[in-house]
Amino acid sequence: GTSIGTGANPLNTQVSSLAATATSGGVFIAEADGVELRTINAGGGSGNVTITAGGAITDDGNNATVVAANTLTLSGSSIGAAGANAQIDTDVITLNATASSGGIYIGEANNLTLGTVNAGANAVTLTAGGAITDGAGTSVTAGTLTLSAASIGTAGNELNIDVSSLTATATAGGVYITEDDGLTLTNVSAAGAGNDVVVTSTTGDIVVGAVSAPDEVRLTASAGDILDDGNAATAVSGGAISLSAQN
């Protein structure tokens, strides 16, 4: 149909798998249990998709089936799983995702703007074919956060996170992060001439593992210490290194 459900009155379902196409509107689903996502298309990618599940939201294992939307909002006990064939495949502009008791695993085809992504103390893995950029507020809450994209955040709009540890790979740009209360930089790298890794922790310590950038690595602990991870095999490398700890 032109649209499926509405934001105020989603279509209630109790199914094992879901495929849905709205030709010119949105797709709004409230699933009683867990659900496997197949092809979900809202207005050729111009409409919004909201899927709320009482259990896990899983992928069908086929990378050719994607969720295409402007804004995608997912809520379940967990969302996707680790691995290229188990993550939720998307082609969206903005992502909101909340997992009540598990992780969040998303594979985006192009650029991805993060609204609110919250897995509590569980893992979040986000992979994008283009840039990962920041929306409003704290974009990602997780225990372990893994990011892979062309670039992550920007110099004027850092990605705001609240996580315990970060692994981030920018394949053709910089990494710009603001952390709420301290984190471990497990492995963070930028690529491409002139690109930087810039990480600021508002409070708490920055524990440093492997961090590298072609141009500058700049780490700032605004109200904490900058500490080594205790592993002699990990190091900070860059054209220039700037460290500031204000404890």
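Residues numbered from 1 in each chain as written. Predicted model: local features only at pLDDT ≥ 70, side-chain atom pairs only at ≥ 80, totals over all residues. Heavy atoms only, no water.

Draft legend 1. Spotlight on the pairing of strand 4 (residues 35-42). Inspection of the sheet shows strand 2 (residues 17-22) paired to strand 4 by 5 bridges, in the parallel sense. For Thr21, the partnering residue across the bridge sits in strand 4 and is Asn41. Here 3 bridges tie strand 4 to strand 6 (residues 57-59), and the two strands are oriented parallel to one another. Residue pairing for strand 6: Glu36 is matched across the bridge by Thr58. (Pairing = 2+ DSSP bridges. Helix = DSSP H or I, 4+ residues; strand = E, 2+ residues; numbered from the N terminus.)

Draft legend 2. Structural view of the environment of Asn247. For Asn247, the position within the fold is in the segment after strand 25 (240-245). Note: C-alpha distance between Asn247 and Thr52 (195 residues apart in sequence) is 43 Å.

Draft legend 3. Up close: the pattern of salt bridges. The tally for this structure, following the rule as stated, stands at 1 salt bridge. For Glu216, the salt bridge identified is with Arg218, shortest N-O distance 2.9 Å. (Salt bridge = Lys/Arg side-chain N within 4 Å of Asp/Glu carboxyl O.)

Draft legend 4. Inspection of the side chain of Thr94 at higher detail. Tracing the backbone through its elements, the reader meets Thr94 in strand 8 (residues 88-99). The class of Thr94 is buried, set by a relative accessible area of 18%. (Buried < 20%, exposed > 50% of the residue type's maximum accessible area, 1.4 Å probe, protein only.)

Draft legend 5. Highlighting the environment of Asn12. In this structure, Asn12 sits in strand 1 (residues 11-13). You can call Asn12 exposed: its relative accessible area is 62%. Separated by 170 residues in the primary sequence, Asn12 and Gly182 have C-alpha atoms spaced 41 Å apart.

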